[in-house]
Amino acid sequence: MSAKTSQTAPHGLEDWRGVWVNVELERGRVHPVSWELLGEGRKLADQLGVALSAVVIGADDSATDAACAEAAFYGADSVYVVRHPVLAHYRTDPYTKALTQLVGRYKPEILLLGATTLGRDLAGAVATTLATGLTADCTELRIDSETRSLAATRPTFGGSLLCTIHTLNCRPQMATVRPRVMAMPARDTQRTGQVIQETVALSEDDIATKILTFIPDAAAEEAQLAYADIVVAGGRGLGGPANFQHVKELARLLGGDYGGSRPVAQAGWIGLDRQIGQTGKTIRPKLYIAAGISGAVQHRVGVEGADVIVAINSDPNAPIFGFATYGIVGDAVRILPALTEALRARLPTRAEAI
Amino acid sequence: MHVVVCIKQVPDSSQIRVHPVTNTIMRQGVPAVINPHDLVALEEALRLKDRLNARVTVLSMGPKMAADALKKCIAYGADEAILITDSVFAGSDTLATSFALASTIRRIGQDHSVDMVFCGKQTIDGDTAQVGPGIARRLGFEQLTYVARIEKIDPAAREIVVHRRAEGGVQVLQSRLPCLITMIEGSNTLRFASMDDMFRAARYDVIEWNHKAAGIEAPERCGLKGSPTAVKKVFAPPQRSTKAEMIDATKATPCEAADTLLAKLFASHPALEKEMVR
């Protein structure tokens, strides 16, 4: 589609106004990506000169109330809330019904969701029902000043390329964004937002899919990788799964989390939920230590939000040295334990000094 | 039981290179493979064939060369393979793709009613995970995404129980047929092709349908025309501006290298050291 077609947007698009963020509430907990999206949504709304709203879909309980209040703290001007016992746990049908009805009622021009298992499931169903455009896993959202439309940039071909996508003739313009891609906005408890209670006709009898049980991840399994301040990761350069203990040890010493590149996740050295990169998790730690990871573009897109990147690799030409902050050319299997020792020697002394 | 598996032939993204000057994908010499996530879906469908004598039809949308990918699925044991291939499909985004595939599945269902549709959780070229939900919505099938395991299936009672990966845990869901399932990796391992099936695949002619044969009466809802999203710009990811400050450990002991790193690191990022002490 050429840029020219954008000038002749179909009649009626101007009726759609406002930026909406779906607040992901599951088992009483809001996924932090919702607040990251409100931070980003605030910028878009300000640029468009429209309101920023949050949508909270959940059970008829205090967790839903809390989510509404928090949404205002993170920047929402108003909060549309649908509360119903059938919404206590995420299921595609009732959530799709609730969200599409609200969109039909208020006509927001932009609707953002987290690219989580919940958000992607819901976004796909909602966009199809509304017959509108949906752009997955965006890494950048901007307003195109000429057309007032959303310019959504996302990696494609496993991260080798970025593409910018517009939804010119349909509304709302929908996008999902992965956790940790956008920065967390400041939480301002002085902010208030108008909470608008919405009713959507829902009945358990109409829902074919039932939740028999929910098996929560064991605390140990529940990788908080995406939100860890310090992440140590290993790649094929470690030689074998046994050497991965050096990665875990350093991560443990630093109170951080550990992960790995795609090849080592695929080889089963670590769980798939600990894979970092385009097809795994996006991380934004203060410090990222990559050991034996060459730094293919697929990996780079998952880690470039880190403040400081330390790369250890025996190949001086490894692409990771092209975007790391510090690079050590050497064998990660020997340097990781040395680094752990050096830190162990150094950190307690500092602790006493404080 | 009749199961339709949707697959896509994709360039092996691990081997893709970007042209340094034109910023375009260099496809030359990049092998086309079946989207690896779809093989998980195929295996799950084949297991239903083993257990319940289900009929397995594999479906793909793409250029004529995608017939090769479908033939491979026959070699693994699928019963029938259909390729929808037509210039009207060119440039389809996920909404248009799900329209074309769902329409075709409806058409397939006229001959053998469809009980389940399987997809991979996403493709490795587009990575959107949107086509599966799109197909489910259009067909009015129950949508079960990120499924790790089918625990129980009762075709007579039209009931299914699955384990679905969700945020922070696993949902055990009971649902009904017809349903659409997207499978996550690690759920199973694709079998080896049997000699009989390999012979069958060698002789097998993939069914090729244009949009009319696929039962699509509204070609304007396919391809570029039917796609609400438009790609405006394709470009190489910008480089992180910093070039690493290098420490050569090949001439030093690992301990010396570690000390040098920490000295540099804490000198320029003192906050990090406090962070670690915390």
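All of these numbers come straight from a predicted model, not from anything done at the bench.

> What am I meant to see in the pairing of strand S8 (residues 116-120) of chain B here?
Strand residues, when the strand is regular, have side chains that alternate between the two faces of the sheet. All names here are of chain B. With 5 of its 5 residues buried, S8 lies for the most part within the structure. Of the two faces of S8, the one holding Met116, Phe118 and Gly120 and the one holding Val117 and Cys119 are both buried throughout. Where strand S1 (residues 2-6) lies against S8, 3 bridges are found, and the strand directions are parallel. Note that in S8 the partner of Val3 across the bridge is Met116. Where S8 and strand S12 (residues 179-183) come together, 5 bridges link them in parallel fashion. Paired with Gly120 across the strands is Met183, a residue of S12.

> Sorry if this is basic, but what is going on with a nonpolar patch on the surface here?
On the surface, Met195(B), Met198(B) and Phe199(B) cluster together into a nonpolar patch covering about 330 Å² of accessible area. Tracing the chain through its elements places Met195(B) in helix H5 (residues 195-203).

> Whenever I open this one, helix H2 (residues 62-73) of chain A confuses me. Can you help?
The periodicity of an α-helix, 3.6 residues per turn, causes residues three or four positions apart to be oriented the same way. All names here are of chain A. Taking 1.5 Å per residue as the helical rise, H2 with its 12 residues ought to reach 16 Å, and the 17 Å between its terminal C-alpha atoms agrees with that figure. Its side-chain oxygen placed 3.2 Å from the backbone nitrogen of Ala63, Asp61 serves as the N-cap of H2. Phi turns positive one or two residues past the end of H2, at Gly75, with a value near 125°.

> Would you mind showing me how to read the interface of chain A and chain B here?
By a frequent convention, interface size equals the accessible area lost on bringing the separate parts together. Contacts between chain A and chain B engage 92 residues on the former and 86 residues on the latter. Between chain A and chain B, the buried area comes to about 7800 Å², and carbon and sulfur atoms account for 58% of it. At the junction of chain A with chain B, the criterion picks out 4 salt bridges. The tally of links from chain A across to chain B stands at 40 residue pairs in polar contact (both at pLDDT 80 or more). Split by residue class, the side of chain A that touches chain B holds 45 nonpolar, 28 polar and 19 charged. Direction of pairing for strand S18 (residues 326-329) of chain A relative to strand S15 (residues 245-248) of chain B: parallel, over a ladder of 4 bridges. Opposite Gly327(A), over in S15(B), you have Met246(B) as the bridge partner.

> How do you make sense of the pattern of salt bridges when you look at a structure like this?
Oppositely charged side chains are able to pair whenever their charged atoms sit close together. The tally for this structure, following the rule as stated, stands at 35 salt bridges over all chains. Here Arg107(B) and Asp111(B) are joined by a salt bridge, their closest N and O atoms 3.3 Å apart. You can see Arg107(B) and its partner Asp111(B) sitting in helix H3 (residues 94-111), 4 residues apart, about one turn around the helix. Judged by its relative accessible area of 23%, Arg107(B) is partly exposed. Here Glu185(B) ties to Lys121(B) by a salt bridge, and the two come within 3.4 Å at their closest N and O atoms. With Glu185(B) in the loop between S12 and H5 and Lys121(B) in the loop between S8 and helix H4 (131-139), this residue pair connects regions lying 64 residues apart in the sequence. For Lys121(B), a relative accessible area of 14% translates into the label buried. One salt-bridge network, in which partners are shared between bridges, spans Arg42(A), Asp46(A), Asp77(A) and Arg191(A).

> Help me out: how do you make sense of the packing of H3(B) against H4(B) in this one?
Two packed helices can be described by the angle between their axes and the distance between those axes. Residues and elements named next belong to chain B. With their axes 8 Å apart at the nearest point, H3 and H4 run at an angle of 50° to one another. Classified by the angle between their axes, H3 and H4 sit oblique to one another. The chirality of how H3 crosses H4 is right-handed. Residues Thr94, Leu95, Thr97, Ser98, Phe99, Leu101, Ala102, Ile105 and Arg106 of H3 form the contact with H4, whose participating residues are Val131, Gly134, Ile135, Arg138 and Leu139. Along the lines of polarity and charge, the residues of the contact of H3 with H4 split into 8 nonpolar, 4 polar and 2 charged.

What counts and what doesn't
Residues numbered from 1 in each chain as written. Chains lettered and ligands numbered in written order. Predicted model: local features only at pLDDT ≥ 70, side-chain atom pairs only at ≥ 80, totals over all residues. Heavy atoms only, no water. Buried < 20%, exposed > 50% of the residue type's maximum accessible area, 1.4 Å probe, protein only. Helix = DSSP H or I, 4+ residues; strand = E, 2+ residues; numbered from the N terminus. Pairing = 2+ DSSP bridges. Patch = residues over 30% accessible without salt bridge, like charges linked within 9 Å, V, L, I, M, F, W, Y side chains within 5 Å. Areas by Shrake-Rupley, 256 points an atom, 1.4 Å probe, with all protein chains shown as cover. Salt bridge = Lys/Arg side-chain N within 4 Å of Asp/Glu carboxyl O. Expected span 1.5 Å × (residues − 1). Polar contact = N/O pair within 3.5 Å; in protein donor to acceptor, adjacent residues only side chain to side chain. Contact = heavy atoms within 4.5 Å. Buried area = accessible area lost by both parts, 1.4 Å probe. Nonpolar A, V, L, I, M, F, W, Y, C, P; charged D, E, K, R; others polar. Axes fitted to C-alpha atoms, helices over the stretch in contact; angles between N-to-C directions. Parallel < 35°, antiparallel > 145°, perpendicular 65-115°, else oblique. Left-handed = near helix turned anticlockwise from the far one by under 90°.

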